[in-house]
Amino acid sequence: MLHPDPFATRALLGDDAAVARRAITGEIGVSLPPLADHHVHGHLVDLDAVAAGGIAAVVDLGGDPTALFRERRAMPHRDYAGAFLTAPGGYPAGRGWAPAAIVREVTGHAGGGAPGSAETAVDEQAEFGASLIKVALNADGGPVLDAETLRAIVSRARERGLPVVAHVQGAGMTRVALDAGVDVLAHTPFSETVDGDLLDAILRSGQAWISTLAIHDGADLPRAGDNLGRFAAAGGRVLYGTDLGNGAQPFGVNPGEVRLLQGAGLDGPAIVAALTDPWPRAEPLHGVATFVPGPPPASSSEVPDWLAGARVVPTEELVPDDR
Ligand SMILES: [Zn+2]
């Protein structure tokens, strides 16, 4: 093949993209920082296959804290929330995919170590190695945490140095999450339009949104795409995430999710930024990088399928080839 043009590659994919060669095989391709899926459920998928598909880091947003603690793994690197914290009888308690071990029904905020309290629930996840806390605010089909209990969860998470991620569904829940100080939404808001004062307040707060566009159909899909487009255009921090385990999805980079991000107006550099954001870690993973073998994409329409060819490789195996 012709030697790839490093300038065209950076124009299409951002400054973190570089033409590179694998030291051992001599294979030419493009290197990127390690890729992350910021929303998975590891108890429902084969994480080895996810790593083989080019994802170096995952964020598990709802699982059994005991199992997650016991099964610490090297690749993909896994941050996790532990169990979903929710209202008694609230989502996802009782759902077929959500065994009791992955849900904590929080009954109040008595403080101290009261069983079922917000404080106890947060402490349990932290003790089992969680690096974030997940709350469910799903208004349709079950009760939702009251504002005081939600605040107690966020407050305890702050004390433990953990960010809080919320699953938000139903009228007004995006506002409830913002008012409680939630740091990240597990899904781009899909059940309500976010604009005007609410969007401005979210942007001022620095709240980030995990994309998960491809899980939707019907009216939720264009609504989420529209919300994400305006959020991103105004400078909002977008984290690539698929809710892997929810429905049939490819392991590795999901070209369908990338295509929907493009449809929402994100360009190549913005999509690479969403895929390589180290959140919830402050620093990117050390020692590994992404290598996409073969010629770089010739145009943005080729980017989604091209990204699906990503592989995780040791950083030391890549030699810059920007000639
Ligand atoms: Zn999820």
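Here we summarise the structure given alongside this text. All of these numbers come straight from a predicted model, not from anything done at the bench. (Residues numbered from 1 in each chain as written. Predicted model: local features only at pLDDT ≥ 70, side-chain atom pairs only at ≥ 80, totals over all residues. Heavy atoms only, no water.)

It is worth spelling out the coordination of the zinc ion at this point. Protein coordination at the zinc ion: the donors are His39 (NE2), His41 (NE2) and Asp243 (OD), at 2.0 to 2.2 Å from the metal. Mapped onto the sequence, the residues coordinating the zinc ion show the spacing H-x1-H-x201-D. With His41 in the loop between strand S3 (35–40) and helix H2 (47–52) and Asp243 in the loop between strand S12 (238–239) and helix H9 (255–263), this pair connects stretches of sequence that are 202 residues apart. Across this residue pair, the class does not change: His41 and Asp243 are buried. (Donors = N, O, S within 2.8 Å, 3.2 Å for Na, K, Ca; no water. Helix = DSSP H or I, 4+ residues; strand = E, 2+ residues; numbered from the N terminus. Buried < 20%, exposed > 50% of the residue type's maximum accessible area, 1.4 Å probe, protein only.)

Direction vectors running N to C along helix H4 (residues 118–127) and helix H5 (residues 147–159) enclose 35°, while the axes themselves pass 8 Å from each other. Here the hand of the crossing between H4 and H5 comes out right-handed. Listed contacts from H5 to Ala118, Glu119, Val122 and Asp123 of H4 are Thr149, Ala152, Ile153, Arg156 and Ala157. Classifying every residue of the contact of H4 with H5 by side-chain character gives five nonpolar, one polar and three charged. (Axes fitted to C-alpha atoms, helices over the stretch in contact; angles between N-to-C directions. Left-handed = near helix turned anticlockwise from the far one by under 90°. Contact = heavy atoms within 4.5 Å. Nonpolar A, V, L, I, M, F, W, Y, C, P; charged D, E, K, R; others polar.)

Before going further, it helps to examine the packing of H5 against helix H6 (residues 173–180). In contact at an axis separation of 9 Å, H5 and H6 are set at 45° when each is read in the N-to-C sense. The angle between H5 and H6 falls in the class oblique. In this structure, the crossing between H5 and H6 has a hand that is right-handed. Contact residues: H5 offers Leu150, Arg151 and Val154, while H6 offers Val176, Asp179 and Ala180. Its residues placed into classes, the contact of H5 with H6 shows four nonpolar, no polar and two charged. (Parallel < 35°, antiparallel > 145°, perpendicular 65-115°, else oblique.)

Time to look at the pairing of strand S13 (residues 288–293). The element S13 is largely enclosed, with a buried count of five among its six residues. Strand direction decides the pairing type here: strand S2 (residues 28–32) and S13, joined by four bridges, are antiparallel. Along S13, the bridge assignment pairs Val30 with Val292. Here four bridges tie S13 to strand S14 (residues 311–314), and the two strands are oriented antiparallel to one another. Bridged to Phe291 within S14 is Arg311. (Pairing = 2+ DSSP bridges.)

Now for the nonpolar core. Ile153, Leu228 and Leu307 are the most contacted members of the largest nonpolar core, which has 66 residues in total. A total of five residues in this core trace back to one element, the largest contributor, which is H5. Ignoring sequence-local partners within four residues, the contact set of Ile153 consists of Leu85, Val106, Ala118, Val122, Ile133, Val135 and Leu145. Counting residues in each nonpolar core, the second largest holds 11 residues, with Val59, Leu132, Val184 and Trp279 among its members. (Core = buried A, V, L, I, M, F, W, Y, C linked by side-chain atoms within 4.5 Å.)

Along strand S9 (residues 164–169), six of the six residues are buried, which leaves the element largely enclosed by surrounding structure. Burial along S9 is two-sided: the residues Val164, Ala166 and Val168 and Val165, His167 and Gln169 are all buried. In terms of strand pairing, strand S8 (residues 133–138) meets S9 through six bridges, oriented parallel. Pairing of Leu137 across the sheet is with Val168, part of S9. For the crossover from S8 across H5 to S9, the handedness is right-handed. Where S9 and strand S10 (residues 184–185) come together, two bridges link them in parallel fashion. Bridging across to S10, Val165 finds its partner in Val184. For the crossover that starts at S9, traverses H6 and ends in the parallel S10, the hand is right-handed. (Right-handed = clockwise from strand over helix to strand, strands pointing away.)

A word on the environment of Lys134. Of note, Lys134 is situated in strand S8. The exposure class of Lys134 is buried, given its relative accessible area of 1%. Taking C-alpha positions, Lys134 is 38 Å from Ser299, a pair spaced 165 residues apart along the chain. A polar contact is formed between the side chain of Lys134 and the backbone oxygen of Leu61, at a distance of 2.8 Å. (Polar contact = N/O pair within 3.5 Å; in protein donor to acceptor, adjacent residues only side chain to side chain.)

A few words now on the packing of aromatic side chains. What the rule picks out here adds up to four aromatic pairs. With a centroid separation of 5.9 Å and an interplanar angle of 85°, the aromatic rings of Phe69 and Phe128 are classed as edge-to-face. Taken together, the positions of Phe69 in helix H3 (residues 65–70) and Phe128 in the loop between H4 and S8 put the pair 59 residues apart, joining distant regions of the chain. Given a relative accessible area of 36%, Phe69 falls into the partly exposed group. Three or more aromatic residues link up through ring pairs in this structure, and these residues are Phe84, Tyr91 and Trp97. (Phe/Tyr/Trp six-rings, centres within 6.5 Å; stacked < 30°, edge-to-face > 60°.)

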